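Chain and residue survey
Letter by letter, the chains look like this.
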Amino acid sequence: MTIWLRQLLAGCVAAILLTMFAAEASAQLSVPVLPVQQQADSSFGNAAAGQVSIPSAETRPFEPAVIDSDPPSYPQAETVSKATAEETKPIEPPPPSEFESFVSTIVSKPLRRFGAELLVPGARDFTAPSTTAIPPDYRLNPGDELLLGLSGSVQATNLRLTVDSEGRIFVPRVGAITVGGVRYGDVRGVIERQVSRQYRSFDLDVTVSKLHGITVYVTGFAARPGAYTMGSLSTLVNAVLAAGGPASGGSFRSIQLRRGGTLVSDFDLYDLLLKGDKSGDAVLQNGDVIYLAPAGEQVAVIGSVNREAIFEVAPGETLFDAVLYSGGINTVADGSRLMVLDSLREDNTAWQQITAADAQMRKARRGEVIRVLSRVGIARPLQQQSVLVTISGEVARPGRYYFSPGTRLADLVAEAGGLTSEAFPYASVITRESVKREQRKSYDRAIEDAEFLLTAQPMTSVNRAQLVQPANVALVRSIVDQLRQREPTGRLVFDLPVNAAALPGDLILENNDTVYVPPRPVTVGVFGAVPTPASFAYHQGASIKDYIRLAGGVQKLGDKGEIFVVRANGTVVSKRALGQRALPGDLIFVPIEADRGEFWARLRDITSSLFGGVVAAASVKALTD
């Protein structure tokens, strides 16, 4: 009995020890994330044979390790701390400098320094936009937040990890991983290597969900220097723009970025504004200092250039470089020369002419004004004007003809095949653009004088109370408005005989001249204060008085002494017209008697002195009707 008990106890101890050793060996050799799978026979061995039977473990499905993660959320946009009320106020453009005011006086319009209006649009957000893609070379900073995703043998979803002050993140069941200063393009490999020390067969996804703001210092000649909290993706230009750009005494050409006392970049803002080049625009880091140097030498470029402005020139740059900053000369510029005014000389009114070749060699000097001249808008001699002329009416070949400078009207008629048998040269209408422009100026001045005389009439008349009545005031305004609607024709009037067989052939043609040769008219018109205004058939030898009689004679309100006639050639006959012989195409007008009112007398005097020819007759007729 005692021997049997000893053998049984010895077998049990051996079985227990074997189980312990098997479990320990299995734990040491298995992959940490995989459960120990123990396989043994389902029955006990024969104790007498020295075999110990181990109960079989229940088979369980594969279960990957799960790392606790935050609730799902979307990546957040880049955050920047709220600016103070002073920082969010719209930035007002700096007042014009002395040089800007001086140049503005020369060109008779405001002229500012190049870039001033681009940098100060007021209340614009100059930070990097939230949709900006994070570049691979961005280096992670404390406060940045990463979003991790793991799948496979280890799982984690939307695991949000913030980089601490020492540049580390802590991944549960993995440990601390240093990512501060690591490029964004390399951070996935850094984290993957640390996770692979604990797990196998997994996929890793890493994104930046939030960027922490950084503090930079804008100093020197900035419009609003100070400390600024910027997004981690902000660059030197973002900070300069947020500070309002260079002040009136600040430089656009030298913006220095210093990091830890070392010069990182000396950025020329003209590269960005004029060329679109941002290669020198460095990404900011926490604690960076931006220094805006004082402005360098400035020159003004005006005239026929693509952009008039005041530009800052770098040492050694020439007049030609300054013109290039203005976008170069425009389409109509005189590219062979330019004018230079040295405003710092005692005699600053003397312009100096510089050739294009000299402009490429001469260095630009502080305070100079560079003017590029235009080649258009200059009245040239007729002998230098090529002309395009239109001729129509009673010619054999009406049309448009191109001639060399100095061509005469006789040459045009000959080119058009000559006049037809029905042509009436006496009434030909020749219009010219240069004459029309001069007539327009004189006409506008005459309208101003007429308006002054008509409005001053109530103050200079004995029947003042009657003239200031609302009806008379409204009539004055109506008359002036109608006069303003009249357009000069630019017609040239020639005193040809009524039986002339040719046009004035010695007339030198100008560009855009028009010539109309009408057929011989067969009527004479009678209008104004007559019972039956009409056009009557022309009878050779009939007088002006005969045609007025055909229209019913002069009415009681008509003024027989002021009857005038507009001839077909554009001339006017106003004295003793009744006794003259009528000509084909005459326009006879019988005005209202001036004694019927002081206002109408003054109106007659004004209109008769302002207008002549067909325009006068049409204007007075419209007003009286």
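In case you missed it, the structure is sitting above this.
Below is a summary of the structure that appears in this document. (Residues numbered from 1 in each chain as written. Predicted model: local features only at pLDDT ≥ 70, side-chain atom pairs only at ≥ 80, totals over all residues. Heavy atoms only, no water.)

With that settled, the discussion passes to the overall build of the protein chain. When you go through the protein chain residue by residue, the secondary structure sums to 16 helices and 26 strands. Burial analysis of the protein chain (625 residues in total) assigns 38% to the buried set. For the protein chain, long-range pairs separated by at least 24 residues make up 64% of all intrachain contacts whose partners lie at least 6 apart in sequence. With an accessible surface of roughly 34600 Å², the protein chain has 53% of that area assigned to carbon and sulfur atoms. (Helix = DSSP H or I, 4+ residues; strand = E, 2+ residues; numbered from the N terminus. Buried < 20%, exposed > 50% of the residue type's maximum accessible area, 1.4 Å probe, protein only. Contact = heavy atoms within 4.5 Å. Areas by Shrake-Rupley, 256 points an atom, 1.4 Å probe, with all protein chains shown as cover.)

Read from one edge of the open sheet, 5 strands run β8-β7-β11-β9-β10, paired in mixed fashion. Every other strand in the sheet has two partners, leaving β8 (226-230) and β10 (262-267) as the edge strands with one partner each. With strand direction ignored, the average angle separating the axes of adjacent strands in the sheet is 25°. Relative to strand β11 (residues 289-294), strand β9 (residues 250-259) runs antiparallel, the two being bridged by 5 bridges. Its bridge partner being in β11, R258 is matched across the sheet by V289. (Pairing = 2+ DSSP bridges. Axes fitted to C-alpha atoms, helices over the stretch in contact; angles between N-to-C directions.)

Turning to the pattern of salt bridges, a few remarks are in order. One side chain can pair with another of opposite charge once the charged atoms of both are near each other. Scanning all chains against the criterion turns up 25 salt bridges. Put simply, E100 and R112 hold a salt bridge, and the shortest N to O gap is 3.3 Å. Within this pair, whereas E100 is found in helix α3 (residues 98-107), its partner R112 is found in the loop between α3 and α4 (116-119), the two being separated by 12 residues in sequence. Classification of R112 as partly exposed rests on a relative accessible area of 27%. Put simply, R188 and E192 hold a salt bridge, and the shortest N to O gap is 3.6 Å. Placement of both R188 and E192 in helix α5 (residues 187-195) is noted, with a separation of 4 residues, approximately one turn of the helix. (Salt bridge = Lys/Arg side-chain N within 4 Å of Asp/Glu carboxyl O.)

Another aspect to go through is the side chain of R113. Tracing the chain through its elements places R113 in the loop between α3 and α4. It turns out R113 is buried and unbridged, and the closest side chain with the opposite charge, E312, is 4.2 Å from it. Separated by 2.7 Å, the side chain of R113 and the backbone oxygen of A247 make a polar contact. Within the structure, R113 has its side chain in polar contact with the backbone oxygen of G250 (distance 2.7 Å). Non-local contacts of R113, meaning those with residues more than four positions away in its chain, are made with E100, P246, A247, S248, G250, F252, A295, Q298, I310 and E312. (Lys, Arg positive; Asp, Glu negative; His and termini not counted. Polar contact = N/O pair within 3.5 Å; in protein donor to acceptor, adjacent residues only side chain to side chain.)

One finds V218, L236, L284, I290, L319, L338 and I370 to be the most contacted residues of the largest nonpolar core, which totals 42 residues. The contact partners of L319, leaving out residues within four places of it in the chain, are L338, V340, I354, A359, R362, A364, E368 and I370. One finds I67, V163, V174 and L233 within the second-largest nonpolar core, a separate group that totals 28 residues. (Core = buried A, V, L, I, M, F, W, Y, C linked by side-chain atoms within 4.5 Å.)

We now examine empty space enclosed by the protein. Throughout the structure, instances matching the rule amount to 1 cavity of 30 Å³ or more. Size it by volume and the largest cavity reaches roughly 50 Å³. Lining the largest cavity are P425, Y426, S428, I430, L492, V493, F494, L496, L503, P504 and N569. Classifying every residue of the lining of the largest cavity gives 9 nonpolar, 2 polar and no charged. (1 Å grid on protein atoms, 1.4 Å probe; cavity = no way out; pocket = protein on both sides within 12 Å on 5 of 7 lines; lining within 4 Å. Points joined across faces, edges and corners; volume = space filled by probe spheres on them. Nonpolar A, V, L, I, M, F, W, Y, C, P; charged D, E, K, R; others polar.)

What follows concerns unusual backbone geometry. Leaving glycine out, the prevailing phi sign among residues is negative, and the prevailing peptide bond configuration is trans. With a phi angle near 65°, R173 is a residue other than glycine that sits in the positive phi range. Position of R173 among the secondary structure elements: in the loop between β4 (168-171) and β5 (175-178). Backbone geometry places N512, a non-glycine residue, at a positive phi of 70°. Counting through the fold element by element, N512 comes out in the loop between β20 (491-492) and β21 (514-517).

Attention shifts here to the packing of aromatic side chains. Considering all chains together, one arrives at 8 aromatic pairs under this definition. When the centroid spacing of 5.3 Å and the interplanar angle of 75° are considered together, the rings of Y270 and Y325 count as edge-to-face. Of this pair, Y270 sits in helix α7 (residues 269-275) while Y325 sits in helix α8 (residues 319-325), and the two are 55 residues apart along the sequence. Of the two residues examined, Y270 and Y325, each falls in the buried class. Note on F564 and F589: the rings are 5.4 Å apart at their centroids and 35° apart in plane angle, and the pair reads as tilted. With F564 in strand β24 (residues 564-566) and F589 in strand β26 (residues 587-590), this pair connects stretches of sequence that are 25 residues apart. Just as F564 is buried, F589 falls in that class too. Three or more aromatic residues link up through ring pairs in this structure, and these residues are F114, F252, Y270, F311 and Y325. (Phe/Tyr/Trp six-rings, centres within 6.5 Å; stacked < 30°, edge-to-face > 60°.)

When you line up the elements, F252 lands in strand β9. F252 sits in the buried class, given a relative accessible area of 2%. Considered as a pair, F252 and E312 are 60 residues apart in the sequence and their alpha carbons are 7.4 Å apart.

A few words on the environment of G570. For G570, the position within the fold is in the loop between β24 and β25 (572-573). We classify G570 as buried; its relative accessible area is 14%. Along the backbone, G570 and S428 are 142 residues apart, and their C-alpha atoms lie at a distance of 9.3 Å.

Attention now moves to the sheet that holds strand β17 (residues 387-393). Taken together, the 5 strands give an open sheet; going across it, the order is β18-β17-β21-β19-β20, and neighbouring strands pair in mixed fashion. Two strands in the sheet have a free side with no partner beyond their single neighbour: β18 (399-403) and β20. Pairing analysis gives 5 bridges linking β17 to β18, with the strands arranged antiparallel. The partner of V387 across the bridge, within β18, is F403.

Let us now look at α5. Among the residues of α5, V187, V190, I191 and V195 are the ones counted as buried. Down the axis of α5, the sector holding all buried residues measures 130°, keeping them to one side. In this structure, the buried side of α5 is in contact with β2 (145-152), β4, β5 and β6 (202-210). (Arc of directions from axis to C-beta.)

To continue, consider α3. Within the sequence span of α3, burial applies to F99, E100, V103, S104 and V107. For α3, the buried positions fall inside an angular range of 135° around the axis, keeping them on one side. Counted as exposed and oriented over 90 degrees from the buried face of α3: E98 and T105. Here the buried face of α3 lies against β12 (297-303), β13 (309-313) and β16 (368-372). Note on α3: the residue one or two positions beyond its end, S108, has a positive phi of about 60°.

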